[in-house]
Amino acid sequence: MPKVVYVGSDGDERVVDAAVGESVMSAALRNGVPGIIGECGGNNSCATCHVIVREEFSAAVGGPNDMEDDLLDLGVTDRQDCSRLGCQIAITEELDGLTVDVPAHQN
Amino acid sequence: MLRTEINELLTQTGPGTPMGELFRRYWQPVLLAEELPENDCPPVRVKVLSERLIAFRDSSGRYGLMDEFCAHRGASLWFGRNEENGLRCPYHGWKYDVTGQAVDVPSEADNGNFCASVKLKSYPMVKLGDVLFAYLGDPAKQPPLPEWEAYTVPEGQVFTSKRLQECNWLQALEGGIDSSHVTFLHGGNLESDPLFKGSKGNEYNKGDLKPFFEVVDYEGGLLIGARRNAEEDTYYWRVTPWVLPNFTMVPPRGDHPVHGHFWVPIDDENCWAYSFDYHPTRKLTDVEVAAMRAGKGVHSANDAAYRPLANKDNDYLMDREAQRRGETYSGIEGIALQDSSLQESMGPIVDRTKERLVATDAGIIKARQKLRKAALALQEGVEPVGNRPQDQKVRSVAKVLPREQAFVDGIGEAMRAEPGKPHTTV
C-alpha cells in the first residue's frame, strides 16, 4: 500500500496507508488526519482539503484542473506553487511516500 | 467558502473600490422609463453604486443624471423646479441643465461668469426599450450603448419591472445563476404561474431533483448548463448565460416570453432587481403583460417606491398552510419573493467564510472567480469583457439533447441572439 505523509502546520507528521485510487483527501479523512476537512465530499467544490505538495512530488502529482485552480484562489489560505486540493489527487503506487503540507486553516 | 478579503472585494461597489470601478465600465439600468414619463416631470432620486444622484427629463425631452445636491450649499435637488430646460434648486434659484452645468445663478450679481464655473458631476443616461441606462465611469472609457436583445426587439415585445432587494447585489446574482434551487423553491409555481406553466421542460424540471452542472467559459462571462434526465436516451439542458458583471437570463419555457435580470447595486446592502420579459419574435399579449404587472413570473407586486408588498417587515406574507399543502415549497407566494425572501434572510452581506459549497454551486464559484479576476485586472489596466455589444447578444436556451452530446455542441448557435430568430425552448 502506498504511504502518504501529511505534515501539519505544527510540524507534526502523520503517515497513512492509502489505497490505490483513493484521494489524498479521503485517505486523510479515513485516518483522522487533522486539518483536512473535505466538506463537499470530494466534489471539487469547497476548497477545504487544500494541501501543498512537497516539491519532489510536484511533477508526479501534476497541476490543478480548471475548477480546482479557481477554488485555490478563493479558499482561506494563500495558495503556493504546489497547492492542490486533496480530493483531486488520486493515489497511485508511483506516489508512494507522497508528502504534503496541511495549512493551518481550511475554513 | 470564500475568504473574507475576497468577499469584501466582490461585494463593495462604492467609488474607488475595485468592484465599484469594474461596475463603472458598464452601462447599468438606473430607472424604468416610466419613472420619468414626460418632459418637465418631477425629478427622481437615484442611488446607484453608493452614489446619490438626481435624474430628470427636461423641457426638450433630454435626460439628465447628476449629483443630487446643489453645488451652492448642498440642498437636495429632489426639491427642485424642473422647468425651462433645467432643474432649479428652490433654495436660491440656481439652475442646472442635463449635463450638470449651472445655467443661471440669479442670486449673484456676477451671474454669467460665476455661473459658467459651476458644474455638477453628471453621467450620460439613455432610454433603451422601457429602461434608462446610465454610465458612471470615465468618459474616455465609455463603451458603446448596450445591445441586450431585450432592448433591441421591436416595441411591444418587452416588459421590465424593478424591485427593491434588501441585500448585497452578489447574493441576488448568485441566485440567478443557481439552477438547482428551481426544482425545490419554485416547484409549485411551475404548475401554477401563468408565465411558466404548461411547458414540457417543467416536467423534466420536476422529474429530476439532482441536476448535474457544467460551466463553460464564453467571451462575455459564463454559460451555466444544468442537466436533468429527459427521456431514456436524452437529457434536458437548461443553459443560463451570465454576462459580467450582473446580467443573467433564465432559460425559456415553451412559448412563454423569456426573462432575465440585472442585479444593480444601490449600495453595499441593497440592490435593484431589474427583471425583464421579452419575446424575440412576437408582441407580448395583453394577458401576459397583465400577469407581469400583477407580479407573476419573475416580477413582483410592489408599492409606489418599488418595494415588494410582501417584504421582511411582514415576513413576506408567509403562508404556512400553503407550505404544508405543497402549493408553495417555502410558503412564500411568487417566484421573485421566494428568491428575495431567502436571499435577504442571509443578512445584508452574507458571511461567505461560513458557507458550505457543493457541486451544484459550480456556476457561483466560477462567476466569483471571473469577477475577482476582472476587478484585479482592471487595476492593472486590462479592460473588462461584457460591455461590448458582441458579448451582449446572447440568449438562454432550453433543449433536449442526446445523452452523449456536450451541451455547448448541442445548442450551437442557439445562444446567439439575432433579430427575428425564434428562441430554442422546450
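Conventions adopted
Residues numbered from 1 in each chain as written. Chains lettered and ligands numbered in written order. Predicted model: local features only at pLDDT ≥ 70, side-chain atom pairs only at ≥ 80, totals over all residues. Helix = DSSP H or I, 4+ residues; strand = E, 2+ residues; numbered from the N terminus. Rg over C-alpha atoms; globule rule 2.2 N^0.38 Å. Buried ≥ 20, exposed ≤ 12 C-beta atoms within 10 Å, placed from the backbone. Contact = placed C-beta atoms within 7 Å. Expected span 1.5 Å × (residues − 1). Nonpolar A, V, L, I, M, F, W, Y, C, P; charged D, E, K, R; others polar. Arc of directions from axis to C-beta. Pairing = 2+ DSSP bridges. Axes fitted to C-alpha atoms, helices over the stretch in contact; angles between N-to-C directions. Parallel < 35°, antiparallel > 145°, perpendicular 65-115°, else oblique. pLDDT = per-residue confidence, 0-100. Left-handed = near helix turned anticlockwise from the far one by under 90°.

Draft legend 1. Layout of the overall build of chain B. In terms of regular secondary structure, chain B is built from 13 helices and 19 strands. For chain B, the C-alpha radius of gyration of 22 Å lies close to 22 Å, the compact-globule estimate for 426 residues. Dimensions along the principal axes, computed over C-alpha positions, put chain B at roughly 85 × 45 × 45 Å. For chain B, the residues scored as buried account for 50% of the 426 residues in total. Of all intrachain contacts in chain B linking residues separated by at least 6 positions in sequence, the fraction that spans at least 24 positions is 60%.

Draft legend 2. Helix α11 (residues 362-379) of chain B, seen in detail. All names here are of chain B. Between its terminal C-alpha atoms α11 stretches 26 Å, which fits the 26 Å expected from 18 residues at 1.5 Å a residue. For α11, a buried count of 13 out of 18 residues is recorded, marking the element as mostly surrounded by other parts of the structure. Two residues or fewer after α11 comes Gly-381, characterised by a positive phi angle close to 90 degrees.

Draft legend 3. Local environment of the interface of chain B and chain A. If you look at the interface, chain B gives 15 residues, while chain A gives 15 residues. The residue inventory of the side of chain B that touches chain A, partitioned by class, reads eight nonpolar, two polar and five charged.

Draft legend 4. Inspection of helix α7 (residues 200-207) of chain B at higher detail. What α7(B) keeps buried is the set Gly201(B), Asn202(B), Tyr204(B) and Asn205(B). The buried residues of α7(B) occupy an angular sector of 160 degrees when the element is viewed end-on, so they sit on one face.

Draft legend 5. Examining the sheet that holds strand β10 (residues 125-128) of chain B more closely. Residue and element names in this part refer to chain B. Pairing is antiparallel in the open sheet, where three strands are placed in the order β1-β11-β10. The open sheet terminates on both sides in strands that have one partner only, identified here as β1 (27-32) and β10. On average, each strand axis in the sheet is tilted by 35 degrees relative to the strand beside it, whichever way the strands run. Relative to strand β11 (residues 131-135), β1 is paired through five bridges, and the arrangement is antiparallel. If you follow Leu-31 over to β11, its bridge partner there is Leu-132.

Draft legend 6. Examining the environment of Ala377(B) more closely. Relative to the elements of secondary structure, Ala377(B) occurs in helix α11. In the structure, Ala377(B) is positioned 359 residues away from Pro18(B) in sequence and 9.5 Å away in space, judged by C-alpha atoms.

Draft legend 7. Highlighting the packing of helix α1 (residues 4-11) of chain B against α11(B). All names here are of chain B. Two numbers describe how α1 lies on α11: the axes approach to 10 Å, and their chain directions differ by 75 degrees. By the criterion of interaxial angle, the relationship of α1 to α11 is roughly perpendicular. Of α11, the residues touching α1 (which contributes Ile-6, Leu-9 and Leu-10) are Arg-368, Leu-371, Arg-372 and Ala-375. When grouped by side-chain class, the residues that make up the contact of α1 with α11 number five nonpolar, no polar and two charged.

Draft legend 8. Just unusual backbone geometry, in detail. All names here are of chain B. Residue Pro-245 is bonded to the preceding Leu-244 through a cis peptide linkage, with omega at -10 degrees. Its location among the elements puts Pro-245 in the loop between β15 (234-243) and β16 (247-249). Phi is positive for Asn-85, close to 55 degrees, though the residue is something other than glycine. Looking at where Asn-85 falls in the secondary structure, it is placed in the loop between β5 (81-82) and β6 (87-88).

Draft legend 9. Region of the structure containing the confidence of the model for chain B. Averaged over all residues, the pLDDT of chain B is 95; the fraction at 70 or higher stands at 100%. Taken over the whole predicted complex, pTM reads 0.92, whereas the ipTM for its chain interfaces reads 0.75.

Draft legend 10. Highlighting the packing of helix α3 (residues 66-74) of chain A against α11(B). Between α3(A) and α11(B), the shortest axis-to-axis distance is 10 Å and the interhelical angle comes to 65 degrees. For the element pair α3(A) and α11(B), the recorded crossing hand is left-handed. Residues Met67(A), Asp70(A), Leu71(A), Asp73(A) and Leu74(A) of α3(A) form the contact with α11(B), whose own contacting residues are Ala362(B), Ile365(B), Lys366(B), Arg368(B) and Gln369(B). Classifying every residue of the contact of α3(A) with α11(B) by side-chain character gives five nonpolar, one polar and four charged.

Draft legend 11. Broad picture of the environment of Gly156(B). All names here are of chain B. Within the element layout of this structure, Gly-156 appears in the loop between β11 and β12 (158-165). In this structure Gly-156 comes out as partly exposed when scored by C-beta crowding, with 13 C-beta atoms within 10 Å. The spacing of Gly-156 and Val-289 is 133 residues in sequence and 9.6 Å in space, taken between C-alpha atoms. Beyond its immediate stretch of four places on either side in the chain, Gly-156 contacts Lys-283 and Leu-284.

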